[in-house]
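# Chains, contacts and geometry: an overview
So the chains spell out like this:
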Amino acid sequence: MSAAILTPILTLAKRFGVDKSIAYSSGARVVQAFTGLASVFLVAAFLTKTEQGFYYTFGSIVAIQVFFELGLSNIITQYVAHEASRLTWRDAKTLEGEAKSLSRLAHLVKFSVRWYAIIGMLFFLVLLAAGYWFFSYYSHTDEPVSWVIPWILVCIGSAGSLFMSPILAILFGLEKVKEVSKMRFIQQCIIPLVTWTCLICDFRLYALGLSYVASMLFSVIYCVGTGLAPIVWRLWREQVTERVVYMKEIFPYQWKIALSWVSGYFIFQLFNPVLFATEGAVVAGQMGMTLVVINGIMAFSQNWITTKIPLWSKLIALKDYAGLDRIFNTTMRQVSVVCLGLIAVMLAGIGMLRVLDLKLGDRFLDWLPMILMLIPLYVNQWVNGWATYLRCHKQEPFLLNSIVGGVMCCLSALVLGRAFGVIGLTAGYCAITVILSFWGHHIYVTCKRAWHG
(Lines give C-alpha, C1' and ligand atoms only; values in the text may rest on other atoms or scores of the structure.)
Protein backbone atom coordinates (compact mmCIF):
# COMPACT_ATOMS: atom_id res chain seq x y z
CA MET A 1 0.00 0.00 0.00
CA SER A 2 1.42 3.38 -1.03
CA ALA A 3 2.34 6.03 1.52
CA ALA A 4 -0.25 8.41 0.04
CA ILE A 5 -3.01 5.96 0.98
CA LEU A 6 -1.47 4.58 4.17
CA THR A 7 -0.73 7.93 5.86
CA PRO A 8 -4.37 9.18 6.04
CA ILE A 9 -5.48 5.77 7.32
CA LEU A 10 -2.87 5.78 10.09
CA THR A 11 -3.75 9.39 10.99
CA LEU A 12 -7.44 8.50 11.27
CA ALA A 13 -6.63 5.40 13.31
CA LYS A 14 -4.48 7.46 15.69
CA ARG A 15 -7.29 9.98 16.12
CA PHE A 16 -9.59 7.17 17.23
CA GLY A 17 -6.97 5.83 19.66
CA VAL A 18 -6.16 2.68 17.71
CA ASP A 19 -2.87 1.32 19.07
CA LYS A 20 -1.45 -2.16 18.37
CA SER A 21 -3.45 -3.77 21.16
CA ILE A 22 -6.69 -2.26 19.93
CA ALA A 23 -5.71 -3.03 16.33
CA TYR A 24 -5.38 -6.74 17.06
CA SER A 25 -8.37 -6.81 19.38
CA SER A 26 -10.53 -4.72 17.06
CA GLY A 27 -9.21 -6.65 14.11
CA ALA A 28 -10.54 -9.76 15.77
CA ARG A 29 -13.90 -8.06 16.15
CA VAL A 30 -13.88 -6.88 12.53
CA VAL A 31 -13.20 -10.42 11.42
CA GLN A 32 -15.84 -11.61 13.87
CA ALA A 33 -18.31 -9.13 12.38
CA PHE A 34 -17.72 -10.28 8.80
CA THR A 35 -17.57 -13.95 9.71
CA GLY A 36 -20.60 -13.49 11.95
CA LEU A 37 -22.48 -11.97 9.02
CA ALA A 38 -21.45 -14.89 6.83
CA SER A 39 -22.48 -17.29 9.61
CA VAL A 40 -25.88 -15.60 9.78
CA PHE A 41 -26.38 -16.33 6.07
CA LEU A 42 -25.20 -19.92 6.46
CA VAL A 43 -27.35 -20.52 9.54
CA ALA A 44 -30.36 -19.24 7.61
CA ALA A 45 -29.43 -21.38 4.61
CA PHE A 46 -28.54 -24.67 6.30
CA LEU A 47 -30.61 -24.65 9.50
CA THR A 48 -34.37 -24.49 9.86
CA LYS A 49 -35.98 -21.73 11.91
CA THR A 50 -36.45 -24.22 14.74
CA GLU A 51 -32.80 -25.32 14.63
CA GLN A 52 -31.81 -21.66 14.60
CA GLY A 53 -33.64 -21.29 17.92
CA PHE A 54 -31.61 -24.14 19.42
CA TYR A 55 -28.40 -22.76 17.88
CA TYR A 56 -28.66 -19.38 19.61
CA THR A 57 -30.27 -20.59 22.83
CA PHE A 58 -27.27 -22.90 23.35
CA GLY A 59 -25.15 -19.80 23.92
CA SER A 60 -27.57 -18.30 26.42
CA ILE A 61 -27.52 -21.48 28.51
CA VAL A 62 -23.71 -21.61 28.36
CA ALA A 63 -23.71 -18.12 29.87
CA ILE A 64 -24.50 -19.67 33.27
CA GLN A 65 -20.70 -19.85 33.38
CA VAL A 66 -20.96 -16.51 35.19
CA PHE A 67 -22.35 -18.34 38.24
CA PHE A 68 -19.11 -20.32 38.44
CA GLU A 69 -16.50 -17.77 37.42
CA LEU A 70 -18.07 -15.03 39.58
CA GLY A 71 -15.99 -12.26 38.02
CA LEU A 72 -12.66 -13.70 39.14
CA SER A 73 -10.88 -13.40 35.77
CA ASN A 74 -11.26 -9.61 35.69
CA ILE A 75 -10.11 -9.40 39.29
CA ILE A 76 -7.05 -11.51 38.47
CA THR A 77 -6.11 -9.10 35.68
CA GLN A 78 -6.37 -6.10 38.00
CA TYR A 79 -4.45 -7.69 40.89
CA VAL A 80 -1.73 -8.95 38.55
CA ALA A 81 -1.40 -5.48 37.02
CA HIS A 82 -1.05 -3.89 40.46
CA GLU A 83 1.72 -6.31 41.50
CA ALA A 84 3.45 -6.17 38.11
CA SER A 85 3.67 -2.35 38.33
CA ARG A 86 6.57 -2.89 40.78
CA LEU A 87 8.37 -5.39 38.54
CA THR A 88 10.37 -5.22 35.31
CA TRP A 89 11.05 -7.70 32.53
CA ARG A 90 14.54 -9.22 32.65
CA ASP A 91 13.87 -10.93 29.33
CA ALA A 92 10.83 -11.87 27.29
CA LYS A 93 9.70 -14.52 29.78
CA THR A 94 11.08 -13.52 33.19
CA LEU A 95 10.03 -10.83 35.65
CA GLU A 96 12.25 -9.41 38.38
CA GLY A 97 12.11 -6.68 40.99
CA GLU A 98 10.54 -6.31 44.42
CA ALA A 99 10.56 -9.73 46.10
CA LYS A 100 7.22 -9.21 47.83
CA SER A 101 5.39 -8.35 44.62
CA LEU A 102 7.00 -11.23 42.74
CA SER A 103 5.98 -13.67 45.46
CA ARG A 104 2.41 -12.36 45.58
CA LEU A 105 2.22 -12.58 41.80
CA ALA A 106 3.39 -16.21 41.89
CA HIS A 107 0.79 -17.00 44.52
CA LEU A 108 -1.92 -15.42 42.37
CA VAL A 109 -0.92 -17.71 39.50
CA LYS A 110 -1.06 -20.87 41.61
CA PHE A 111 -4.31 -19.91 43.30
CA SER A 112 -6.02 -19.00 40.02
CA VAL A 113 -5.07 -22.13 38.09
CA ARG A 114 -6.04 -24.47 40.92
CA TRP A 115 -9.32 -22.68 41.51
CA TYR A 116 -10.33 -22.77 37.85
CA ALA A 117 -9.44 -26.46 37.55
CA ILE A 118 -12.06 -27.20 40.21
CA ILE A 119 -14.81 -24.90 38.96
CA GLY A 120 -14.17 -25.97 35.36
CA MET A 121 -15.14 -29.55 36.21
CA LEU A 122 -18.16 -28.45 38.25
CA PHE A 123 -19.26 -26.16 35.43
CA PHE A 124 -19.13 -29.00 32.91
CA LEU A 125 -21.32 -31.29 35.02
CA VAL A 126 -23.91 -28.64 35.90
CA LEU A 127 -24.04 -27.22 32.36
CA LEU A 128 -24.53 -30.65 30.86
CA ALA A 129 -27.39 -31.51 33.21
CA ALA A 130 -29.10 -28.10 33.09
CA GLY A 131 -29.05 -27.90 29.32
CA TYR A 132 -30.31 -31.45 28.91
CA TRP A 133 -33.26 -30.76 31.22
CA PHE A 134 -34.13 -27.39 29.61
CA PHE A 135 -34.13 -28.57 26.01
CA SER A 136 -35.87 -31.83 26.84
CA TYR A 137 -38.66 -30.03 28.72
CA TYR A 138 -39.25 -26.99 26.50
CA SER A 139 -38.51 -28.22 22.95
CA HIS A 140 -42.18 -28.59 22.03
CA THR A 141 -41.91 -29.01 18.26
CA ASP A 142 -43.03 -31.51 15.66
CA GLU A 143 -39.74 -31.04 13.83
CA PRO A 144 -37.09 -33.57 14.91
CA VAL A 145 -33.89 -31.82 16.05
CA SER A 146 -30.68 -33.69 16.87
CA TRP A 147 -29.29 -31.61 19.72
CA VAL A 148 -27.96 -33.98 22.43
CA ILE A 149 -24.44 -34.75 21.09
CA PRO A 150 -23.92 -31.15 19.89
CA TRP A 151 -24.83 -29.99 23.39
CA ILE A 152 -22.26 -32.33 24.95
CA LEU A 153 -19.59 -30.92 22.63
CA VAL A 154 -20.59 -27.37 23.57
CA CYS A 155 -20.21 -28.29 27.26
CA ILE A 156 -16.74 -29.77 26.70
CA GLY A 157 -15.49 -26.75 24.76
CA SER A 158 -17.00 -24.27 27.24
CA ALA A 159 -15.48 -25.97 30.28
CA GLY A 160 -12.06 -26.13 28.61
CA SER A 161 -12.20 -22.44 27.71
CA LEU A 162 -13.17 -21.62 31.29
CA PHE A 163 -10.05 -23.39 32.52
CA MET A 164 -7.92 -21.32 30.11
CA SER A 165 -9.42 -17.99 31.22
CA PRO A 166 -7.16 -17.40 34.28
CA ILE A 167 -4.05 -17.92 32.16
CA LEU A 168 -5.23 -15.32 29.65
CA ALA A 169 -6.24 -13.00 32.52
CA ILE A 170 -2.75 -13.28 34.04
CA LEU A 171 -1.08 -12.52 30.70
CA PHE A 172 -3.42 -9.58 30.19
CA GLY A 173 -2.48 -8.19 33.60
CA LEU A 174 1.20 -8.54 32.69
CA GLU A 175 0.50 -6.16 29.79
CA LYS A 176 0.73 -8.91 27.19
CA VAL A 177 -2.34 -7.27 25.72
CA LYS A 178 -1.02 -7.27 22.17
CA GLU A 179 -0.13 -10.97 22.30
CA VAL A 180 -3.45 -12.06 23.79
CA SER A 181 -5.35 -9.82 21.37
CA LYS A 182 -3.38 -11.33 18.49
CA MET A 183 -4.38 -14.81 19.66
CA ARG A 184 -8.03 -13.81 19.68
CA PHE A 185 -7.66 -12.25 16.26
CA ILE A 186 -6.32 -15.47 14.75
CA GLN A 187 -8.94 -17.42 16.68
CA GLN A 188 -11.68 -15.34 15.08
CA CYS A 189 -10.26 -16.27 11.68
CA ILE A 190 -10.04 -20.02 12.34
CA ILE A 191 -13.17 -20.81 14.36
CA PRO A 192 -15.69 -19.59 11.74
CA LEU A 193 -14.05 -21.85 9.17
CA VAL A 194 -14.87 -24.81 11.39
CA THR A 195 -18.48 -23.65 11.76
CA TRP A 196 -18.94 -22.94 8.06
CA THR A 197 -17.39 -26.22 6.97
CA CYS A 198 -19.66 -28.15 9.31
CA LEU A 199 -22.77 -26.25 8.20
CA ILE A 200 -21.99 -26.72 4.51
CA CYS A 201 -21.32 -30.43 5.14
CA ASP A 202 -24.81 -30.62 6.72
CA PHE A 203 -23.59 -31.31 10.27
CA ARG A 204 -26.52 -29.17 11.53
CA LEU A 205 -26.14 -28.28 15.23
CA TYR A 206 -22.88 -30.25 15.41
CA ALA A 207 -21.32 -27.19 13.75
CA LEU A 208 -21.73 -25.19 16.95
CA GLY A 209 -20.45 -27.95 19.22
CA LEU A 210 -17.35 -28.56 17.13
CA SER A 211 -16.60 -24.83 16.96
CA TYR A 212 -16.64 -24.60 20.77
CA VAL A 213 -14.16 -27.48 21.01
CA ALA A 214 -11.95 -26.00 18.28
CA SER A 215 -11.89 -22.63 20.04
CA MET A 216 -10.71 -24.21 23.28
CA LEU A 217 -8.02 -26.33 21.59
CA PHE A 218 -6.66 -23.37 19.63
CA SER A 219 -6.16 -21.22 22.75
CA VAL A 220 -4.14 -24.05 24.35
CA ILE A 221 -2.01 -24.62 21.25
CA TYR A 222 -1.36 -20.90 20.77
CA CYS A 223 -0.24 -20.25 24.36
CA VAL A 224 2.12 -23.21 24.27
CA GLY A 225 3.45 -22.59 20.77
CA THR A 226 4.13 -18.85 21.07
CA GLY A 227 5.93 -18.80 24.39
CA LEU A 228 3.14 -17.28 26.47
CA ALA A 229 2.68 -20.41 28.56
CA PRO A 230 6.33 -20.39 29.80
CA ILE A 231 5.74 -16.93 31.33
CA VAL A 232 3.00 -18.36 33.52
CA TRP A 233 5.03 -21.52 34.15
CA ARG A 234 8.03 -19.54 35.46
CA LEU A 235 5.80 -17.61 37.82
CA TRP A 236 4.30 -20.92 38.96
CA ARG A 237 7.81 -22.13 39.89
CA GLU A 238 8.67 -19.02 41.90
CA GLN A 239 9.04 -19.56 45.63
CA VAL A 240 6.08 -18.11 47.54
CA THR A 241 6.96 -16.20 50.72
CA GLU A 242 4.26 -13.51 50.55
CA ARG A 243 0.69 -14.54 49.76
CA VAL A 244 -2.44 -12.86 48.55
CA VAL A 245 -4.93 -13.69 51.29
CA TYR A 246 -8.10 -14.58 49.41
CA MET A 247 -10.62 -14.00 52.20
CA LYS A 248 -9.03 -10.71 53.24
CA GLU A 249 -8.04 -9.16 49.90
CA ILE A 250 -9.98 -10.76 47.04
CA PHE A 251 -13.24 -12.00 48.51
CA PRO A 252 -14.43 -8.62 49.90
CA TYR A 253 -14.11 -7.31 46.33
CA GLN A 254 -15.10 -10.45 44.44
CA TRP A 255 -18.47 -11.05 46.05
CA LYS A 256 -19.55 -7.62 44.86
CA ILE A 257 -18.24 -8.24 41.35
CA ALA A 258 -19.86 -11.69 41.42
CA LEU A 259 -23.27 -10.27 42.22
CA SER A 260 -22.82 -7.70 39.46
CA TRP A 261 -21.91 -10.41 36.95
CA VAL A 262 -24.76 -12.66 38.04
CA SER A 263 -27.09 -9.70 37.68
CA GLY A 264 -25.65 -9.23 34.19
CA TYR A 265 -26.82 -12.72 33.27
CA PHE A 266 -30.41 -11.80 34.07
CA ILE A 267 -30.00 -8.54 32.17
CA PHE A 268 -28.36 -9.85 28.98
CA GLN A 269 -28.84 -13.63 28.73
CA LEU A 270 -32.42 -14.31 29.80
CA PHE A 271 -34.09 -13.24 26.55
CA ASN A 272 -33.52 -16.40 24.52
CA PRO A 273 -34.46 -18.97 27.19
CA VAL A 274 -37.64 -17.04 28.09
CA LEU A 275 -38.71 -16.69 24.47
CA PHE A 276 -37.76 -20.31 23.75
CA ALA A 277 -39.98 -21.46 26.62
CA THR A 278 -42.90 -19.06 26.02
CA GLU A 279 -43.04 -18.34 22.27
CA GLY A 280 -41.07 -21.21 20.80
CA ALA A 281 -37.79 -21.82 19.04
CA VAL A 282 -38.56 -19.64 15.99
CA VAL A 283 -38.97 -16.35 17.94
CA ALA A 284 -36.00 -17.30 20.14
CA GLY A 285 -34.00 -17.75 16.94
CA GLN A 286 -34.95 -14.26 15.74
CA MET A 287 -33.86 -12.79 19.05
CA GLY A 288 -30.68 -14.85 18.93
CA MET A 289 -29.72 -13.68 15.46
CA THR A 290 -30.42 -10.05 16.41
CA LEU A 291 -28.34 -10.43 19.56
CA VAL A 292 -25.43 -11.83 17.54
CA VAL A 293 -25.14 -8.50 15.71
CA ILE A 294 -25.82 -6.41 18.84
CA ASN A 295 -23.28 -8.32 20.91
CA GLY A 296 -20.77 -7.98 18.08
CA ILE A 297 -21.19 -4.20 18.13
CA MET A 298 -20.87 -4.12 21.91
CA ALA A 299 -17.78 -6.35 21.93
CA PHE A 300 -16.09 -4.34 19.17
CA SER A 301 -16.73 -1.00 20.90
CA GLN A 302 -15.64 -2.37 24.27
CA ASN A 303 -12.17 -3.15 22.87
CA TRP A 304 -11.27 0.48 23.49
CA ILE A 305 -12.11 -0.08 27.18
CA THR A 306 -10.91 -3.62 27.91
CA THR A 307 -7.48 -3.05 26.37
CA LYS A 308 -7.02 -0.11 28.77
CA ILE A 309 -7.66 -2.08 31.99
CA PRO A 310 -3.97 -2.88 32.69
CA LEU A 311 -2.97 0.73 31.95
CA TRP A 312 -5.75 2.24 34.07
CA SER A 313 -4.93 -0.13 36.95
CA LYS A 314 -1.26 0.83 36.72
CA LEU A 315 -2.02 4.57 36.72
CA ILE A 316 -4.25 4.11 39.76
CA ALA A 317 -1.49 2.20 41.57
CA LEU A 318 0.87 5.10 40.78
CA LYS A 319 -1.82 7.66 41.77
CA ASP A 320 -1.54 9.39 38.40
CA TYR A 321 -5.19 10.40 38.39
CA ALA A 322 -4.74 13.26 35.91
CA GLY A 323 -3.28 10.89 33.32
CA LEU A 324 -5.98 8.35 34.12
CA ASP A 325 -8.82 10.80 33.52
CA ARG A 326 -7.28 12.18 30.36
CA ILE A 327 -7.01 8.71 28.79
CA PHE A 328 -10.44 7.64 30.07
CA ASN A 329 -12.27 10.67 28.67
CA THR A 330 -10.62 10.28 25.28
CA THR A 331 -11.42 6.58 25.24
CA MET A 332 -15.12 7.11 25.99
CA ARG A 333 -15.49 9.67 23.21
CA GLN A 334 -13.98 7.19 20.79
CA VAL A 335 -16.25 4.39 22.03
CA SER A 336 -19.34 6.55 21.56
CA VAL A 337 -18.54 7.40 17.93
CA VAL A 338 -17.64 3.82 17.04
CA CYS A 339 -20.82 2.42 18.62
CA LEU A 340 -23.16 4.88 16.88
CA GLY A 341 -21.51 4.23 13.54
CA LEU A 342 -21.92 0.48 13.85
CA ILE A 343 -25.57 0.80 14.88
CA ALA A 344 -26.23 2.86 11.74
CA VAL A 345 -24.54 0.21 9.59
CA MET A 346 -26.63 -2.55 11.20
CA LEU A 347 -29.92 -0.76 10.59
CA ALA A 348 -29.01 0.04 7.00
CA GLY A 349 -27.97 -3.55 6.30
CA ILE A 350 -31.11 -5.15 7.71
CA GLY A 351 -33.26 -2.53 5.97
CA MET A 352 -31.66 -3.43 2.65
CA LEU A 353 -32.31 -7.13 3.22
CA ARG A 354 -36.00 -6.43 3.81
CA VAL A 355 -36.39 -4.00 0.91
CA LEU A 356 -34.92 -6.67 -1.39
CA ASP A 357 -37.24 -9.22 0.23
CA LEU A 358 -34.40 -11.63 0.91
CA LYS A 359 -34.95 -14.72 3.08
CA LEU A 360 -32.49 -13.54 5.74
CA GLY A 361 -34.53 -10.42 6.50
CA ASP A 362 -37.24 -12.27 8.44
CA ARG A 363 -34.69 -14.10 10.60
CA PHE A 364 -34.20 -10.90 12.67
CA LEU A 365 -36.61 -9.21 15.09
CA ASP A 366 -39.15 -6.73 13.73
CA TRP A 367 -38.18 -3.05 13.71
CA LEU A 368 -39.79 -1.95 16.98
CA PRO A 369 -38.28 -4.63 19.27
CA MET A 370 -34.97 -4.23 17.43
CA ILE A 371 -34.85 -0.48 18.16
CA LEU A 372 -35.79 -1.20 21.76
CA MET A 373 -32.70 -3.45 21.97
CA LEU A 374 -30.37 -0.94 20.26
CA ILE A 375 -31.07 1.96 22.64
CA PRO A 376 -29.76 0.00 25.66
CA LEU A 377 -26.77 -1.08 23.56
CA TYR A 378 -25.59 2.52 23.22
CA VAL A 379 -26.41 3.43 26.83
CA ASN A 380 -24.56 0.39 28.16
CA GLN A 381 -21.32 1.45 26.43
CA TRP A 382 -21.17 4.42 28.79
CA VAL A 383 -22.27 2.47 31.86
CA ASN A 384 -19.66 -0.22 31.19
CA GLY A 385 -16.98 2.43 30.82
CA TRP A 386 -17.86 4.05 34.15
CA ALA A 387 -18.02 0.68 35.90
CA THR A 388 -14.68 -0.49 34.49
CA TYR A 389 -13.00 2.78 35.49
CA LEU A 390 -14.16 2.37 39.10
CA ARG A 391 -13.43 -1.37 39.26
CA CYS A 392 -9.81 -0.72 38.34
CA HIS A 393 -9.59 0.82 41.83
CA LYS A 394 -10.28 -2.67 43.29
CA GLN A 395 -13.75 -1.46 44.26
CA GLU A 396 -17.26 -2.39 43.11
CA PRO A 397 -19.60 0.56 43.74
CA PHE A 398 -21.95 -0.61 40.98
CA LEU A 399 -23.07 -3.58 43.08
CA LEU A 400 -26.50 -2.30 44.10
CA ASN A 401 -27.11 -0.80 40.67
CA SER A 402 -26.34 -4.16 39.03
CA ILE A 403 -28.48 -6.14 41.46
CA VAL A 404 -31.46 -3.84 41.02
CA GLY A 405 -31.01 -3.98 37.25
CA GLY A 406 -30.76 -7.76 37.26
CA VAL A 407 -33.85 -8.24 39.44
CA MET A 408 -35.90 -5.73 37.44
CA CYS A 409 -34.86 -7.18 34.08
CA CYS A 410 -35.53 -10.71 35.28
CA LEU A 411 -39.03 -9.81 36.50
CA SER A 412 -39.66 -7.76 33.37
CA ALA A 413 -38.65 -10.62 31.08
CA LEU A 414 -40.74 -13.19 32.96
CA VAL A 415 -43.83 -11.03 33.47
CA LEU A 416 -43.89 -8.75 30.40
CA GLY A 417 -42.41 -11.43 28.15
CA ARG A 418 -45.12 -13.90 29.10
CA ALA A 419 -47.92 -11.31 28.91
CA PHE A 420 -46.91 -9.27 25.83
CA GLY A 421 -44.32 -11.41 24.09
CA VAL A 422 -41.20 -9.99 22.52
CA ILE A 423 -42.53 -6.39 22.54
CA GLY A 424 -43.11 -6.46 26.27
CA LEU A 425 -39.75 -8.08 26.93
CA THR A 426 -37.74 -5.56 24.88
CA ALA A 427 -39.72 -2.49 26.04
CA GLY A 428 -39.19 -3.40 29.69
CA TYR A 429 -35.46 -3.96 29.11
CA CYS A 430 -35.05 -0.62 27.31
CA ALA A 431 -36.87 1.39 29.97
CA ILE A 432 -34.96 -0.21 32.86
CA THR A 433 -31.56 0.33 31.19
CA VAL A 434 -32.15 4.00 30.43
CA ILE A 435 -33.49 4.78 33.93
CA LEU A 436 -30.65 2.99 35.73
CA SER A 437 -28.00 4.72 33.60
CA PHE A 438 -28.68 8.03 35.41
CA TRP A 439 -28.01 6.27 38.69
CA GLY A 440 -24.84 4.78 37.20
CA HIS A 441 -23.52 8.20 36.21
CA HIS A 442 -24.18 9.49 39.72
CA ILE A 443 -22.16 6.59 41.17
CA TYR A 444 -19.27 7.31 38.81
CA VAL A 445 -19.11 11.02 39.62
CA THR A 446 -19.52 10.54 43.38
CA CYS A 447 -16.87 7.78 43.72
CA LYS A 448 -14.39 9.58 41.50
CA ARG A 449 -14.66 12.73 43.60
CA ALA A 450 -14.32 10.78 46.87
CA TRP A 451 -11.41 8.55 45.82
CA HIS A 452 -9.33 11.17 44.00
CA GLY A 453 -9.97 14.05 46.36
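This text gives an overview of the structure that appears in the document. Note that the structure is predicted; figures quoted are calculated from it, not measured.

The next thing to look at is helix α10 (residues 228–237). Owing to its 3.6 residues per turn, the α-helix brings residues three or four apart onto one side. Inspection of α10 places L228, I231, V232 and L235 among the buried residues, and these make up the whole buried set. Taken down its axis, α10 places every buried residue within 90° of arc, on the same side. Turning to α10, the residues buried within the fold contact β1 (87–89), β2 (95–97), α6 (99–138), α7 (148–173), α8 (177–200) and α9 (206–225).

Quick look at the environment of E238 now. With respect to the helices and strands, E238 occurs in the loop between α10 and α11 (246–268). Since its relative accessible area comes to 27%, E238 is described here as partly exposed. In the structure, E238 is positioned 112 residues away from I350 in sequence and 54 Å away in space, judged by C-alpha atoms. If sequence neighbours within four positions are ignored, E238 has contacts with L102, A106 and K110.

Under the defined criterion, the tally for this structure stands at 29 aromatic pairs. The interplanar angle of 40° and the centroid separation of 5.7 Å between the aromatic rings of F328 and Y444 together place this pair among those described as tilted. Of the two residues, F328 is situated in helix α15 (residues 321–355) and Y444 in helix α17 (residues 399–452); the sequence distance between them amounts to 116 residues. Pair check on accessibility: F328 and Y444 agree, each one buried. These aromatic residues form a ring-pair network of at least three members: F54, F58, Y132, W133, F134, F135, Y137, Y138, W147, W151 and F276. Here the basic side chain of K394 rests over the ring of Y79, its NZ or CZ set 4.3 Å away from the ring centre.

Let's shift gears to the nonpolar core. When a protein is soluble and globular, its nonpolar side chains tend to lie buried together. Formed by 106 residues in total, the largest nonpolar core has its most connected members in F58, F135, W151, L174, I250 and M287. Looking at this core, the element that brings in the most residues is α7, giving 12 residues. Dropping the residues within four chain positions of it, F58 is found in contact with F135, W147, P150, W151, V154, L205 and L208. With 23 residues, the next largest nonpolar core counts W304, M332, V338 and C392 among its residues.

Considering the arrangement of structural elements, one finds L47 in the loop between α2 (20–46) and α3 (49–62). Given a relative accessible area of 4%, L47 falls into the buried group. It is 35 Å that separates the C-alpha atoms of L47 and I305, two residues lying 258 residues apart in sequence. Setting aside chain neighbours within four positions, we find L47 in contact with L42, Q52, Y55, L199, R204, L205 and R363.

A word on the pattern of salt bridges. Taken as a whole and judged by the stated rule, the model has 9 salt bridges. Between D325 and K448 there is a salt bridge, and its shortest N-O distance comes to 3.7 Å. Here D325 is found in helix α15, whereas its partner K448 is found in helix α17, with 123 residues between them in sequence.

Each value, and the rule that gives it
Residues numbered from 1 in each chain as written. Predicted model: local features only at pLDDT ≥ 70, side-chain atom pairs only at ≥ 80, totals over all residues. Heavy atoms only, no water. Buried < 20%, exposed > 50% of the residue type's maximum accessible area, 1.4 Å probe, protein only. Helix = DSSP H or I, 4+ residues; strand = E, 2+ residues; numbered from the N terminus. Arc of directions from axis to C-beta. Contact = heavy atoms within 4.5 Å. Phe/Tyr/Trp six-rings, centres within 6.5 Å; stacked < 30°, edge-to-face > 60°. Lys NZ or Arg CZ within 6 Å of the ring centre and 35° of its normal. Core = buried A, V, L, I, M, F, W, Y, C linked by side-chain atoms within 4.5 Å. Salt bridge = Lys/Arg side-chain N within 4 Å of Asp/Glu carboxyl O.

Geometric descriptors of this kind do not, in isolation, establish any biological role.
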